[in-house]
Structure formats: structure tokens, C-alpha cells
Amino acid sequence: ADFHCIFRFMATNDLMTELQKDSIKLDDDSERKVVRMILKLLEDKNGEVQNLAVKCLGPLVSKVKEYQVETIVDTLCTNMLSDKEQLRDISSIGLKTVIGELPPASSGSALAASVCKKITGRLTSAIAKQEDVSVQLEALDIMADMLCRYLGGLLVNFHPSILSCLLPQLTSPRLAVRKRTIMALGHLVMSCGNLVFIDLIEHLLTELGRNDNMSTTRTYIQCTAAISRQAGHRIGEYLEKIIPLVVKFCNVDDDELREYCIQAFESFVRRCPKEVYQHVPTIISICLRYLTYDPNYNFDDEDEDDNAMDAEQNDEDYQGSDDEYSDDDDMSWKVRRAAAKCLDAVVSTRHEMLPEFYRSVSPALVCRFKVSSASFNSIVTSLFISLFLVSLHPGLRVSINVSHPMQVPMIVKALHKQLKEKSVKTRQCCFNMLTELVNVLPGALTQHIPVLIPGIIFSLNDKSSSSNLKIDALACLHVIMVTHPAHAFHAHVPALVPPVVACVGDPFYKITSEALLVTQQLVKVIRPLDNQSEGSDSFDPSPYINDLFTCTIRRLKAADIDQEVKERAISCMGQIICNLGDRLPTELPGTLLIFLERLKNEITRLTTVKALTMIAGSPLKIDLRPVLPDAVPILASFLRKNQRALKLCTLAALDILLRNYSSAVTPVMVDAVLAELPPLISESDMHVSQMALSFLSTLAVTHPSSLGQLSGGNILQQLIALVRSPLLQGGALAAMLDFYQVKGRMGHSWSGLHGPVEDADWSRYSQSAALPHKQAYCSIAKCVAALTRACPTEGPAVVGQFIQDVKNSRSTDSIRLLALLSLGEVGHHVDLSSQPELKTVILDAFSSSSEEVKSAASYALGSIAVGNLPEYLPFVLQEISSSKRQYLLLHSLKEIISSASVSGLKPYVESVWSLLLKHCECQEEGTRNVVAECLGKLTLIDPETLLPLLFSLKLSSGDFLKTLEDPDLNVRRVALVTFNSAAHNKPSLIRELLDSVLPQLYNETKVRKELIREVEMGPFKHTVDDGLDLRKAAFECMYTLLDSCLDRLDIFTFLNHVEDGLKDHYDIKMLTFLMLARLSSLCPSAVLQRLDRLVEPLRATCTTKVHAYSLQNSVKQEFEKQDELKRSAMRAVVALLTIPEAEKSPLMSEFQSQISSNQELAAIFDSIQRDSSSANMESMDNQLKDDIFP
């Protein structure tokens, strides 16, 4: 018999292996035999054979025809009703396996629907019979599993019968049956129709109102909470009836019922935020009452006895089991736990109530923390941390700092005794709280450090402390030391050093690593190098130097230690030498040699470079000469490595070494570095290029003779290529200008620019092609100006040559463009009034046929005027008044106002203001826009005088609101652009206006048919939407408000308009997709409630195809736009799927199946999912902001 059993096992195993292969194909007869044998094996006497047979069902379902699957299901359902318990269990597992392998409905297969319908009838009858509880439980389990598998939508016709068989089970005498019934109902409400949902809710309300039996009342409350968790968006409209009933039951003297009621409140708060809003004060009140609910303790007794407290806190390391108390009848701790979790939900979702939380919730938490057990303290800690994290929200930090100054002393008073409790968990909670508190309010514990340090030391010295507790204590100490002034710790250094040194020697690497971090900060405390540190001169670090150095050098020398410990030992020793190196004359040479060895090691070289940079920058002028001959060539070799971070750190180290140890850096060392520099000066990595240019600038000062090697070399060629790059801007451009200025001052003069100038088609009569991008001309012009300022003697000749090139009729547009930009950049810093024909030449350039030349001339005139306002500003104002080229001249004026000093401009403010007012009503919109910019910039020069004048031009806040109602579309659009700018840059200006502005803003997001017109273009008709720009401006404002005024928005009203935007024009859709992605992270619960309504427009976008009526109509751009639209929509889908429980939505699940079955959509989805890191989402946001605020 044993041999036969083994044969059956091996044969079944081989069969399963074959079924898992894609290549296997079964004919009808083979299918029948395989199905019959596997079903027979389910009744095998051997359990292992049965288990293998069940596993075979999964791959078998996808290999056989539908009627065979139905046979399998029929047999399993019959077996599930068997008298044999083992057969029932194995059949139940088999049914779950089959359900899990059914193809999704979106695949077009009818198999899932037919199988589920067949199973449902059998299950409902099994559940309703109530003959055998074990059969009932299995049937309920499978029913819940089937509804959970997103197959509930296939059973719409069965939902009434499912509900009819489930509702009676809520009063079952068996609690296990009730629990599984609640689970099944929770899954049912996600896909059932509205009538079924109403029947369920009405039944629950009726039974709760009747309240016949306290046991069933508890079940109905649990069921209500489960429905809220699974379908919060549907139950919201019934909360007005439900919440008063739940509040009433909270007052019943039944701890278990109270726990379920408070859990229901938590689910309402998280899943129905809008509907529950008016009930939040009531919920907070109830939670605060039961947070301190303990029949065994008197909370009104302020002078509590410490010994009495110990009675509840003596469990040394409570691990969080539900059996917290030995008294099984005491359920009050579950009520307190539920109250704390409900408050956590309120705090996490109601940011606008933060001041109220600090006023009422925080004191109650502190009171509760004093007397709680270790496990409950962890819940209170979690709630406090939620409170602190909410406080970090932009705009809310002030409220704790200013409005609640007594919070910190109150919290510290509650914690300082707990820090010496026996319970490890309690102390860990204290350290976590202190860490988060300091992150929210850096420096807040300065006055309380004498109280806290003994508690931290106690945990570090306590032999019973766990490793995690020591790590938490060290991490807390490190954060406190980083965020508080050094003098606050000086009195405690004698007590802190011994336990920290002991932890550095701990055999557990994580403790050692954390202790080294603390040691590094301790070094900064005992001898801060900044002169501003209070009390730093009076504190003597000498007694502690030897201990700190000895424990660190031991770890630094060890080779067989963890990587993290190695790195932190290097950093810590670098800090010791940086701050205390002058007190270690004998130890220094040997330590530096160890650094040299670590520099040669691939694993530790990056950390060592950072440590050497720190030491080289020390104001103590540590003697590094002994190691420089070996160190610099090694550093030079790092510049050719692929590791970007290593290259950046190495360039910073070489730069600081050149600055502080120039006499010790020999020409040979410099040559080794210069040989590695050319590949680093490239547009492919602007940050590395910037660091390389900074190094060259330092080199020009410290080793001017080495610059002679640049001429004709690779470095010069790379510099020329970089100047020509359109990507050169910001920090890299500033570094390039610094280099040229230093180069000029060191006597290398104008000849150093021949390369970039000539290579930029500077040859005066060249007809060669222009540079590929205007930015290249701007960069070269700035370099010209930098050199001209550094070589004042050669300046006039160069300026004269530029003027001749602008005048010369044979000059190309590119030559004139470069000459004008260069004149502007030079004139910005140097007075060019000695050039008599300059004004005429520039005004003549205004008549050029090239728009870029005219723009450059306008910029040049404004920039030159900054260099000598008395000479040029009156000239510009006169030209504006008399000339017809106001647009270009006004741009010159804008450049003057933007760049000139306030003191220089003040004498001319009145005349400029009056001139601008004359041009306010110019017919050309472009001119009016420039005038508006000039008025705004001019107002900032003398706001006290000019702001009232600006308001007199109908720009008070009240008048501004009227502009949003102006009949002119352009006025409303510009008003929204102004509002957007204020919301982005100065949100405080508009926060109080939002109640009146938002209705008008939302009104502008609507599509207006009266603004849509058809234009005939030959044989074609083209639709023009005159309201598109206005709607786009409104949606841009909405996006900005998400960042700056989220707490003042009604998210559900906001989502209504986002939903409309998802069906609008291409530009609006792109904006709303971005908004949806942002909302998914900012307000996930609100988005989850509207998910079903948001999925449909996303699906429509992703499945739309461009109709190719003809080649003329279906141009390439249409396909590209549609493709980009799909990608943007898919990014929004990926963001939505990051919301917990989003996949439970039937519509979202079906859409996912549709995506996976479509090759094109699946490819887009996979690529976006791979790239959807937080960094990418941030860059997406930044891209939008760049579009809105160019």
C-alpha cells in the first residue's frame, strides 16, 4: 500500500510539472481522463497526494475546455457538502484555487461568469441551510473570496439572493459565522447595485434602532464599520442617520460595544471625510473621554503615586499581544486603544484643526502617557508622531511654535520619568517621540536638556537594555545634539563621554555605527569651530580628547568590521582632526597615513575624500604636507572613475587643498590633475563642469604659471565647446565667468578669449553658419564682459570693435547679435558714455530685419544704461516719448528697472512712472504687458509711495475680485494669471480671499458653448474655442493652490472640476492628469471615494484612436499628441494605484485588466511604472511649474 501511495504521489507530481508547461495540449479524451483522475485523487487517503492534486487544479483550469471546468466545480461543490471533514477542507481549498485561476472578465472569456454563477447558487444554499457550521464557514469563506477577487460584478443578478442569505447570518449564535458574514458583505458592497446597497443599509439601521440584543448590536456596528471601510463613498450619505445611533451606543456600559463604536468612527473619519466633517468635534470629545477611560485608575488625582504607576508598567518588554492584563474581564484597554487610533485618524485627515488638537488632544495624550502600559504607550507615541508630522505641513509649523509654547515643557515633564522605566518598549516610545519633536521644533529642548540627558545615559548604561533601545537612544541623542546649540551640552559632557565611548566599543555593529555618529557630533560640541558658539571659549575639551580619539582610532584601524562602521569611523576621525588636530601632535602623522591607506581602498575612498576635504578646510590649518605627495596623484586618478559622487567630492577636495596648501602642491601634482580635467568639462554633466571650472579658477590664483599649459590644449578646447552649449547657465555659467575674470586679473588678458570668440563665428566678415542656440551668444557675451572688467586697459578697443561690427553692412545677423549682447554685458558694469556713436548704432539696430537682433539691441540699450543712468536713462525716456518703437524701448526700460540699483533709480522714479501711465492704454497688447511689468517692478523700488498709486488704478483686493467678473475674456484671463502668481509666490495675500474667489475660479473651468465657433478654411471647417485660454489659466490656478493653500480647499468640490477637466481639450487634460497624480499623494482618501468616476475618463483617453480619414487629416502631430496624452493619463493611473485599496475598485480592476490585455497600453504602463519614483514625480511637478511660471 505504501508503494502504491508513492507511485500516485510521483505520478501526480509529474502531471503537475507537465501542466505548468505552456506547450502542453490536451485532446478531449485526455482532458476527460486527467480531470476524472485529479478529482478522484482529491479523495485519496494520503494527505500529501490530496495536496498535490489540489495544486494541479490551478494550471489545469487554464488548459481544459469550459465544460470540464464546470465539471470540476460541480464535483468540488458536492464534495464540500460531504460528511467527511478532510474532503470538505480539500474541496474548499480546490474551489478557492479554481476561482483564483479564472480569466478576468475583460479578457472576453465567459468562463468566469458561468463558473461563478454555478458556484454562487450552491454556496448560497449551503450558507442558508445552517445545518453544519463547518460547511457554513467554508461556504462563507469562498463567497468572500469570490466577491473579493473582483468577480462580484459578474454576479449582479445574484446580489439580491446573496444578500438574502447573508443577512440572517449576522444573528448566528456562532461568532465565527458572523465575522465571515461581515467580511463577505464588505466585499459585496464594492460591486453591488444601488438597490441592494440601500436594502443592506436600511436593514442595519432598522436593527440598530430596534436594539433587541446587545450581542447582535455589536455585530451590526462591526458590519457598518466594515461597509464604511470598503465603500466609504457610498455610505457617506447615510451618516446623518448612523452617527447618532453609534454615539448613543457609546454611552452603553459595554466595553466591547464601545470599542466597535469607536472603530466605526475611525472608518467614517478616514473614508467619509466630507460627510463626517460636522461630527468631528463630537467624535473628538468621545475619543478624549475614552482615551482616559480606566476603571482601575483615577485620572483626576494630580498627585499620583509613582509606586501605583509601577503596578501597570512592570511588564518589562511587552510585545503587543492582546492579553495585556491578567484580568480577562477588563476590556477597558481595548476601548483606550480604539480611541487613540480614532484620534490618529482625525489628526491625520484634519490638518486645519491643528491648533485645536494642540489645545485639547495633546494634554490628554500626555496625561495618558504617564500611566499607560508599554504597548499602549506605543499607540500614544504613534498618535503624537502623527501630530508632529501634520505640524511639518507648510504653513502649519507656526501654529505650534507661537500658539502653543507650553506644549514642549508639558511633554518633557511627562517623558522624563518614563525614560528611567524598566520597560524597554516604554523608553523606545519616549526616544521616538523626542526625535520627532525635535524635527518639528529644532532647538525647542534647550531648556530641558538637563532633565533629558540622565534618562538617555540610563538607557545607554543599563545592562538590561536591548540593542534596539540603545540604537534609538543614540539616534535621539544625535538629533538633539545636531539641532541644539553646543553650549547647552557642555555641563553634561563628563557624563556623556563614557557611555558613548563604551557604545563605540560595542560588539554589535549597528550600535557602534550609531555611536560613532554621536561621537562625531560630540566633537563639534566640545570644540565648535565657529566663533559664534556661546560659551565655546570657556569650555576645555582637553580631558575628553584622548578617550574620543582612542575609541575611534581602534575602529579606524580594524579591517574586519562592517562597511558602515568603517565609513563612520573615517568620518568621525576626520571630524576629530578637523576640530582637535592641534591637540594631537604625536598622533596626527600616523592617523593621516591610515587615511592614505583608506584612500587607496575602493570601498572606503569616497568617505575618505570627504574626510580629507573637511580636514583641509579646518581653520586650525592642520599640517597635511606629509601625505600630499602621495594623496594628490591618487585624487587625480579618481577623476577618471565612473563614480559621479567620487568625481564631485574629489574636485571639492582638490580645490580646498589648492586654497589652503598651495605652497605644498607642486607643479608636478598640478600637472597630474590637469591631465584628467578635459573630459570633465562637458555639457553632459554641468555640476561636474562647474566644480572643474571652480578648480581652474583657484588654480589661476595659486599657480598662475600652470595656466600657460591651457593654451592650445584639450582643456581650452573643452572650455570653448562648453561656452557654445545652450545648456550652460546657472552655477556652471557663474563658474565660467569667475574663471575668465580671474584669468584676466592674473595677466592672461584678452588673448585667452580668442578661442571662444573666434570659434563662435566671431570673424568679422564671416558668412559661416550661426551658432545653434541663442544661449551660446549670451554665454559668450557674458565671458566677454567678464574679461573686459578684468582687463580695463583693453576694454575701449574691444568695445570699439563691437560697435564697428554692428555698423558694418557686411556683418551677418549672428555677428551683430553677438556684438550687441556683448556691448550690453560690458556696458552693464562699465560706463560706455565715452563712445559717442553708441546710441545711434543701437537705435539703428532696432530697424534690423532680424527679430533676434532687434531684441538684442533692446537688451543692450537697457543694460548699457544701467552702467551710467544719468547719461542713458533720460535718453531712453525721450526716445519712448518721441519714437514709434515703443515696444523695444519699453523692453530696454524694463531691463533698466530690473537691474539698476534702487538708489540710482530713485531720482527718476516720478518721470518713469508718469511715462508708463501714458502708455497704459496702448492699442497693442504686447506693449501693455511690458508696461504692466515695468509698473510692477518700479513699484518695488519705492513701495510706500507707489503702491497706493498702483491701487488707485483699480487694483485693490475688492476691485481685483471685480476683474474676475469682467465681461472681457482677456481681462479675466490676466486676472487669473495675477492670482496664480500671487498663489505661487505670496499665498498669504490670497488665502483670506479664497472663499469669494474659488466659486468664480471654478466657474471659469466650464466649457461655454457660446464661445465655440466654426471657422471656414477653404473646403475645411475648423472649430475655435475662444474660452480655452481662460479655462487653462483657471486650471493652472487650481494646480498652484494644491501646493500653497491645500488646507483651505474643499477637496470634493475641487475634484468635481478636475473630473470635468479630464474630458476637456488636450491642454486641459494634460493639466488635470498632473493634478490627479498630485492629489493621489496629497488626499488619497478623497480620491479613493471618487475613484470610479475618475477611472472612466482615463480609460476613454487611453483607448481613443486617431481617425485616419485621410493622409491630410491625420497628420503626424495628431498621433504624437495622442500618444503623449495616453502617457500622461497612464502616469495618473500609476499614481492612483499607489493609493492603498485602489485596486479593490471593480472599475479600476477591470481597467487594469484591459491595460494588460492591450500590448500598446501594457508597454506604456510598464515603462511608466518602472520610472515612477518620487524623484520623477517631483520633476513632473517642476516641469509644470516651469510651464506656468516661465
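These numbers were taken from a predicted model, which means no experiment stands behind them.

Visitor: I tried to follow the overall build of the chain on my own but got confused; where do I start?
Guide: Of regular secondary structure, the chain possesses 61 helices and two strands. The buried share among the 1190 residues of the chain stands at 53%. Put simply, 75% of the contacts in the chain that link residues at least 6 apart link residues at least 24 apart. For the chain, the accessible surface area stands at approximately 53,200 Å², while carbon and sulfur atoms represent 51% of it.

Visitor: I keep staring at helix 6 (residues 111-129) and nothing clicks. Help me out?
Guide: Along an α-helix, a turn takes 3.6 residues, which lines up residues three or four apart on a common side. A rise of 1.5 Å per residue sets the reference length of helix 6, with its 19 residues, at 27 Å; its end C-alpha atoms lie 28 Å apart and thus fit the reference within 8%. For helix 6, the set of buried residues is Leu111, Ala112, Ala113, Val115, Cys116, Ile119, Thr120, Leu123, Thr124, Ala126 and Ile127. Take helix 6 and look down its axis: the buried residues cluster within an arc of 160 degrees, on one side only.

Visitor: What should I look at first to understand the packing of helix 41 (residues 838-845) against helix 43 (residues 869-882) in this one?
Guide: For any two helices packed against each other, the geometry is given by the interaxial angle and the distance between the axes. It is at 12 Å that the axes of helix 41 and helix 43 come closest, and there the two elements cross at 40 degrees. For the element pair helix 41 and helix 43, the recorded crossing hand is right-handed. From helix 41, Leu838, Lys839 and Leu843 reach across to helix 43, where they touch Glu871, Tyr872, Phe875 and Glu879. Looking at side-chain class alone, the contact of helix 41 with helix 43 contains four nonpolar, no polar and three charged residues.

Visitor: Explain helix 11 (residues 214-230) here, please?
Guide: Compared with an ideal rise of 1.5 Å per residue, which puts 17 residues at 24 Å, helix 11 spans 25 Å between its outermost C-alpha atoms and is within 8% of the ideal. Within helix 11, 13 of the 17 residues are buried, leaving the element largely enclosed by the surrounding structure. A distance of 2.6 Å separates the backbone nitrogen of Ser215 from a side-chain oxygen at the start of helix 11, and that oxygen is part of Asn213.

Visitor: Can you walk me through the pairing of strand 2 (residues 1020-1025) in this structure?
Guide: On a regular strand, each side chain points to the face opposite its neighbour's, so the side chains alternate between the two faces of the sheet. In this structure, strand 1 (residues 1012-1017) lies alongside strand 2, joined through six bridges in antiparallel fashion. Bridging from a neighbouring strand, Glu1016 pairs with Lys1021 of strand 2. Turn length for the strand 1-strand 2 hairpin, with the two strands adjacent in sequence and antiparallel, is two residues, and the turn residue Gly1018 shows positive phi of about 65 degrees.

Visitor: So what exactly am I meant to see when it comes to unusual backbone geometry here?
Guide: Glycine aside, the phi torsion of most residues is negative, and most peptide linkages are trans. With phi around 55 degrees, Lys621 is a residue other than glycine that occupies positive phi space. In this structure, Lys621 sits in the loop between helix 30 (605-616) and helix 31 (628-638).

Visitor: Before we go on, may I ask you to explain the confidence of the model for the chain in this structure?
Guide: Close reading of the predicted structure is inappropriate where its pLDDT is low. Overall, the predicted model of the chain reaches an average pLDDT of 81, with 86% of residues at or above 70. Note on residues 395-403: pLDDT is under 50 here. Beyond four places in sequence and across chains, it has 19 contacts. Within the model, pLDDT remains below 50 along residues 1174-1190, and this stretch shows 19 contacts once partners closer than five positions in the same chain are excluded.

Visitor: I'm lost on the packing of aromatic side chains in this one. Help?
Guide: Tallied over the entire structure, the rule returns five aromatic pairs. Geometrically, the ring pair formed by Phe197 and Tyr238 is tilted, given 6.1 Å between the ring centres and 55 degrees between the ring planes. Linking Phe197 in helix 10 (residues 194-210) with Tyr238 in the loop between helix 12 (232-235) and helix 13 (239-250), this pair joins segments that are 41 residues apart in sequence. Residue class for Phe197 comes out buried when judged on its relative accessible area of 1%. Its relative accessible area of 9% is what places Tyr238 among the buried residues.

Visitor: Is there a simple way to think about a nonpolar patch on the surface in this case?
Guide: Side chains of Ile6, Phe7, Phe9 and Met10 sit close together on the surface and give an oily, nonpolar patch of about 390 Å² of accessible area. Structurally, Phe9 can be placed in helix 1 (residues 2-19).

Visitor: In this structure, what is going on with the pattern of salt bridges? I would like to understand it.
Guide: Enumeration according to the criterion identifies 36 salt bridges in this entry. A salt bridge links Arg32 to Asp29, with the nearest nitrogen and oxygen atoms 3.3 Å apart. Of this pair, Arg32 and Asp29 both sit in helix 2 (residues 28-41), separated by three residues, roughly a single helical turn. In this structure Arg32 comes out as partly exposed when scored by relative accessible area, which is 40%. Glu1096 is the salt-bridge partner of Arg1099, the closest N and O atoms lying 3.5 Å from each other. Placement of both Arg1099 and Glu1096 in helix 57 (residues 1091-1103) is noted, with a separation of three residues, approximately one turn of the helix. Arg1099 gets classed as buried once you look at its relative accessible area, which sits at 11%. Residue class for Glu1096 comes out partly exposed when judged on its relative accessible area of 40%. Salt bridges sharing partners connect three or more residues here, namely Asp29, Arg32 and Lys33.

Visitor: Hey, could you run me through the environment of Leu873 in this one?
Guide: As for its position among the elements, Leu873 is in helix 43. In the structure, Leu873 is positioned 19 residues away from Ser892 in sequence and 9.7 Å away in space, judged by C-alpha atoms. With residues near it in sequence (within four places) discarded, Leu873 still touches Leu893, Ile896, Leu905 and Tyr908.

Visitor: Would you explain the state of the cysteines in this entry?
Guide: Working definition of a disulfide: a covalent bond connecting the sulfur atoms of two cysteines. Counting across every chain of the model gives zero disulfides. Unpaired in terms of disulfides, Cys476 finds its nearest cysteine sulfur in Cys430, a separation of 9.3 Å.

Visitor: Explanation requested: the side chain of Gln775 in the structure shown.
Guide: Assignment of secondary structure puts Gln775 in helix 38 (residues 774-790). Among the polar contacts made by the side chain of Gln775, one reaches the main-chain carbonyl oxygen of Leu728 at a distance of 3.1 Å. Ignoring any residue separated from it by four or fewer positions in sequence, one finds Gln775 in contact with Ser725, Pro726, Leu728, Gln729 and Leu733.

Visitor: Is there a simple way to explain the environment of Gly862 in this structure?
Guide: One can find Gly862 in helix 42 (residues 851-867). Measuring from C-alpha to C-alpha, the distance between Gly862 and Tyr872 comes to 8.5 Å, with 10 residues separating the pair along the chain. In contact with Gly862, other than residues within four places in its own chain, are Ser892, Glu895 and Ile896.

Visitor: What should I look at first to understand the packing of helix 14 (residues 255-271) against helix 15 (residues 280-291) in this one?
Guide: Two numbers describe how helix 14 lies on helix 15: the axes approach to 11 Å, and their chain directions differ by 140 degrees. Judged on the interaxial angle alone, helix 15 and helix 14 are oblique. In this structure, the crossing between helix 14 and helix 15 has a hand that is left-handed. Where helix 14 approaches helix 15, its residues Arg258, Ile262, Phe265 and Val269 are matched on the opposing element by Ile283, Ile286, Cys287 and Tyr290. Taken together, the residues of the contact of helix 14 with helix 15 break down into seven nonpolar, no polar and one charged.

Visitor: Mind showing me how you'd approach the environment of Leu843 here?
Guide: Residue placement: Leu843 occurs in helix 41. The spatial distance from the C-alpha of Leu843 to the C-alpha of Leu889 is 9.3 Å, given a sequence separation of 46 residues.

Conventions we followed
- Residues numbered from 1 in each chain as written.
- Predicted model: local features only at pLDDT ≥ 70, side-chain atom pairs only at ≥ 80, totals over all residues.
- Heavy atoms only, no water.
- Helix = DSSP H or I, 4+ residues; strand = E, 2+ residues; numbered from the N terminus.
- Buried < 20%, exposed > 50% of the residue type's maximum accessible area, 1.4 Å probe, protein only.
- Contact = heavy atoms within 4.5 Å.
- Areas by Shrake-Rupley, 256 points an atom, 1.4 Å probe, with all protein chains shown as cover.
- Expected span 1.5 Å × (residues − 1).
- Arc of directions from axis to C-beta.
- Axes fitted to C-alpha atoms, helices over the stretch in contact; angles between N-to-C directions.
- Left-handed = near helix turned anticlockwise from the far one by under 90°.
- Nonpolar A, V, L, I, M, F, W, Y, C, P; charged D, E, K, R; others polar.
- Polar contact = N/O pair within 3.5 Å; in protein donor to acceptor, adjacent residues only side chain to side chain.
- Pairing = 2+ DSSP bridges.
- pLDDT = per-residue confidence, 0-100.
- Phe/Tyr/Trp six-rings, centres within 6.5 Å; stacked < 30°, edge-to-face > 60°.
- Patch = residues over 30% accessible without salt bridge, like charges linked within 9 Å, V, L, I, M, F, W, Y side chains within 5 Å.
- Salt bridge = Lys/Arg side-chain N within 4 Å of Asp/Glu carboxyl O.
- Disulfide = S-S within 2.5 Å.
- Parallel < 35°, antiparallel > 145°, perpendicular 65-115°, else oblique.

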